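Commentary on secondary and tertiary structure
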Amino acid sequence: MDTLVQFPDTERYAHCIKASKATHWDIDRDVIKGRAFDLSRKYLPDGLSLAHEFTSLSGAEKRLVSQIQGRTYANVFGLVERFITAKLLEIGRDYWLGDQNALEALVRFSDEELKHQALFRRIEAMMAGVMPAGYRFDVDPDGVARAVLGKSTWAVLVLTLHIELFVQNHYRQSIEPDGELSALFKDVFLFHWKDECQHVVLDELELKRHDAMLSSADRDRAVDDFIALVGAVDGILQMQAGADAAYFAAICGRTVGSAEADGLTKQFLKAYRWQYIFSGATHPRFQKTVKNLITEPQFERIGTALATLN
Ligand SMILES: [Fe+2]
Ligand SMILES: [Fe+2]
């Protein structure tokens, strides 16, 4: 990104509009194409599910872990997109009577996130149709969004940037190169990734604009808000790791003893922390962007908080 010519921001918003139009896709026509999920293929790749680290399991059981995690992966995006959409619509009002390129870019961003939520609801229903009963994802997107939106805009935008950057790494480094995945699952995250590439540009523009309005004291509080948000994400991951390990034990077709069950919960949590926290927090572009906004002690404060999650 360093080598890009710096256009005035309105041109960067206009570029995002152009890219949004060029990549526009339809859930049925382009993604699902009349296909269904089946249980013969992996859903989430090993690079994200860390299935190879579930050493007590057979090959078929590792595939089941990748399917359970893949289902949760779709549900987690549907969850976070609720607050992302609301925040983008909220900050978009700053442009109602101003830069109409910025307004259109943010409206398109919100529209795409609404489409993603619809896609992920669809995916959940399709997976529920082929997987055994008993899966649970008991997190209310509106409740989570209400709590997240109670934090400072700076913190929500940093969390959003973090999410939209790890989406890109997940697709390019793990999903795209894995030849053993369900073709449908792969396509869902191909089309999702296409939109997220534009969203990251808008996240950075809006974060920079918002950051410039903050006092040092505001920003310092916002750093604490971001740390609190990551802690809240981790709370959800802990709950879901327990639920998914229990679902695995209930449907794998053999008895899972309590020691193995504890180990499985820890493995699910390790994979979820990698997917939703560390793969974003260690992303070089995320680190660079955040470092440019805050002081070294503030950056270290975030690092210290993240280290407690290992
Ligand atoms: Fe999305
Ligand atoms: Fe997005």
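What you are looking at is a predicted structure, and each value in this text was computed from that prediction instead of being measured.

Take the coordination of the iron ion (ligand 2) next. Here the iron ion (ligand 2) is held by the protein donor atoms E113 (OE), E164 (OE), E196 (OE), E196 (OE) and H199 (ND1), which lie 1.8 to 2.6 Å from it. Expressed as a motif, the donor residue spacing for the iron ion (ligand 2) is E-x50-E-x31-E-x2-H. In this structure, the iron ion (ligand 2) is positioned 3.5 Å from the iron ion (ligand 1), and both are ligated by E113. Of this pair, E164 sits in helix α7 (residues 153-175) while H199 is found in helix α8 (residues 183-211), placing the two residues 35 residues apart along the sequence. Each member of the pair, E164 as well as H199, is classed as buried.

Another aspect to go through is the packing of aromatic side chains. How two aromatic rings sit relative to each other is set out by the distance from centre to centre and by the angle between their planes. As enumerated under the stated definition, the model contains 19 aromatic pairs in all. With a centroid separation of 6.2 Å and an interplanar angle of 35 degrees, the aromatic rings of Y73 and Y276 are classed as tilted. Note that Y73 is positioned in helix α4 (residues 59-92) and Y276 in helix α10 (residues 258-281), a separation of 203 residues in sequence. Accessibility assignment for this pair places Y73 and Y276 in one class, buried. Pairing F226 with F286 gives two aromatic rings, centres 6.3 Å apart and planes at 40 degrees, and the pair type is tilted. One end of the pair, F226, is in helix α9 (residues 216-251); the other, F286, is in helix α11 (residues 284-293), with 60 residues separating them in the sequence. These aromatic residues form a ring-pair network of at least three members: F37, Y43, F54, Y73, F77, F120, F166, F185, F189, F268, Y272 and Y276. Between R93 and the ring centre of W96, over which it is positioned, the NZ or CZ distance is 4.6 Å.

Right, let's get into the coordination of the iron ion (ligand 1). Surrounding the iron ion (ligand 1) are the protein donor atoms E81 (OE), E113 (OE), H116 (ND1), H192 (NE2) and E196 (OE), at 2.1 to 2.4 Å. Along the chain, the residues that donate to the iron ion (ligand 1) are spaced as E-x31-E-x2-H-x75-H-x3-E. Overall, H192 belongs to the buried group, its relative accessible area being 1%.

The final tally for this structure, using the stated rule, is 23 salt bridges. Here D178 makes a salt bridge to K42, at a shortest N to O gap of 3.2 Å. Placement of D178 in the loop between α7 and α8 and of K42 in the loop between α2 (27-32) and α3 (46-49) is noted, with a sequence separation of 136 residues between them. K42 shares its class with D178; the two are buried. Put simply, R219 and D211 hold a salt bridge, and the shortest N to O gap is 2.7 Å. Among the residues examined, D211 registers a relative accessible area of 9% and is labelled buried. Through salt bridges that share partners, K42, D46, D178 and E180 make up one connected network.

Reading the values: rules and limits
- Residues numbered from 1 in each chain as written.
- Chains lettered and ligands numbered in written order.
- Predicted model: local features only at pLDDT ≥ 70, side-chain atom pairs only at ≥ 80, totals over all residues.
- Heavy atoms only, no water.
- Donors = N, O, S within 2.8 Å, 3.2 Å for Na, K, Ca; no water.
- Helix = DSSP H or I, 4+ residues; strand = E, 2+ residues; numbered from the N terminus.
- Buried < 20%, exposed > 50% of the residue type's maximum accessible area, 1.4 Å probe, protein only.
- Phe/Tyr/Trp six-rings, centres within 6.5 Å; stacked < 30°, edge-to-face > 60°.
- Lys NZ or Arg CZ within 6 Å of the ring centre and 35° of its normal.
- Salt bridge = Lys/Arg side-chain N within 4 Å of Asp/Glu carboxyl O.

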